[in-house]
Amino acid sequence: MRALTSSQVFVARDVLLDARLALFHEREKWLAVADLHFGYELSQRAAGNLFPFWGMESSRARLFSLLEDYRPERLIILGDLVHDRAAAREAERLVQSARDFCEVIVIAGNHDRQVAATIEFVDSWETKRFHFHHGHCAIKKSKRIQIIGHHHPAGTLR
């Protein structure tokens, strides 16, 4: 086991949480990220809102920094790769560039249906121990540990 930095913590056996919003499995060599909402600023600009153009570049830089640091065999994007179709071409290029590093599995999230024609998505993906899905739809009960992206905690007041 390598030395941890102040931005890393083990959250399960062999599963490292990185403060750059990613999980890495040391033995299985997968890196999981979620909810990039790549191109959010493009959709905001298309809607007439003044929004800075730094989101896609910072997301790209963070993702490729993680790929370089961990050298995973597999990148799992846990849904909501894009915010909407405004960044379809840019997101496709992002996925293609990530494939230069490793295998890329892109799980469909609730925002991704608008770009399903340009990017190949799967509904979920499993290993022996883990079940990866976006989390916006009900799934069959599984004995595997669930790794999800779409989690919006909420409370109800009556």
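Below is a summary of the structure that appears in this document. Please read these numbers as outputs of a predicted model, since none were measured by experiment. (Residues numbered from 1 in each chain as written. Predicted model: local features only at pLDDT ≥ 70, side-chain atom pairs only at ≥ 80, totals over all residues. Heavy atoms only, no water.)

**Considering helix α3 (residues 88–98)**
Turning to step 1, where the next piece is worked out: Restricting attention to buried positions, one finds in α3 the residues A88, E90, A91, L94, V95 and A98. Looking straight down α3, one finds its buried side chains confined to an arc of 165°; they lie on one side.
Turning to step 2, where the next piece is worked out: The elements touched by buried residues of α3 are α1 (40–46), α2 (55–70), β5 (74–77) and β6 (103–106). (Buried < 20%, exposed > 50% of the residue type's maximum accessible area, 1.4 Å probe, protein only. Helix = DSSP H or I, 4+ residues; strand = E, 2+ residues; numbered from the N terminus. Arc of directions from axis to C-beta. Contact = heavy atoms within 4.5 Å.)

**Some details on a nonpolar patch on the surface**
Turning to step 1, where the next piece is worked out: On the surface, a nonpolar cluster with roughly 230 Å² of combined accessible area is contributed by V9, V11 and L17.
Turning to step 2, where the next piece is worked out: Note on placement: V11 falls in strand β1 (residues 8–12). (Patch = residues over 30% accessible without salt bridge, like charges linked within 9 Å, V, L, I, M, F, W, Y side chains within 5 Å. Areas by Shrake-Rupley, 256 points an atom, 1.4 Å probe, with all protein chains shown as cover. Salt bridge = Lys/Arg side-chain N within 4 Å of Asp/Glu carboxyl O.)

**Re the packing of aromatic side chains**
Turning to step 1, where the next piece is worked out: For the structure shown, the criterion picks out 7 aromatic pairs.
Turning to step 2, where the next piece is worked out: Seen from their ring centres, W30 and F130 are 5.3 Å apart, and the 80° between their planes marks the pair as edge-to-face. Note that W30 is positioned in strand β4 (residues 30–33) and F130 in strand β8 (residues 130–133), a separation of 100 residues in sequence. As far as burial versus exposure is concerned, W30 and F130 are alike and both buried.
Turning to step 3, where the next piece is worked out: Among the aromatic residues, those joined into a ring-pair cluster are W30, W125, F130 and F132. (Phe/Tyr/Trp six-rings, centres within 6.5 Å; stacked < 30°, edge-to-face > 60°.)

**A few points about the packing of α2 against α3**
Turning to step 1, where the next piece is worked out: As a packed pair, α2 and α3 sit with axes 11 Å apart at the nearest point and diverge in direction by 15°. Here α3 runs roughly parallel to α2, going by the angle between their axes. By crossing handedness, the relation of α2 to α3 is classed as right-handed. Residue-level inspection shows M56, R60, L63, F64 and L67 of α2 in contact with α3, the latter providing E90, L94, S97 and A98.
Turning to step 2, where the next piece is worked out: Here the residues of the contact of α2 with α3 sort into 6 nonpolar, 1 polar and 2 charged. (Axes fitted to C-alpha atoms, helices over the stretch in contact; angles between N-to-C directions. Parallel < 35°, antiparallel > 145°, perpendicular 65-115°, else oblique. Left-handed = near helix turned anticlockwise from the far one by under 90°. Nonpolar A, V, L, I, M, F, W, Y, C, P; charged D, E, K, R; others polar.)

**Some details on the pairing of strand β2 (residues 15–18)**
Turning to step 1, where the next piece is worked out: Two elements, β1 and β2, share 4 bridges in a ladder whose sense is antiparallel. Counted as the bridge partner of A12 is V15 from β2.
Turning to step 2, where the next piece is worked out: Turn length for the β1-β2 hairpin, with the two strands adjacent in sequence and antiparallel, is 2 residues, and the turn residue D14 shows positive phi of about 70°.
Turning to step 3, where the next piece is worked out: Two elements, β2 and strand β3 (residues 22–25), share 4 bridges in a ladder whose sense is antiparallel. (Pairing = 2+ DSSP bridges.)

These values are about where atoms sit, not about what they do.
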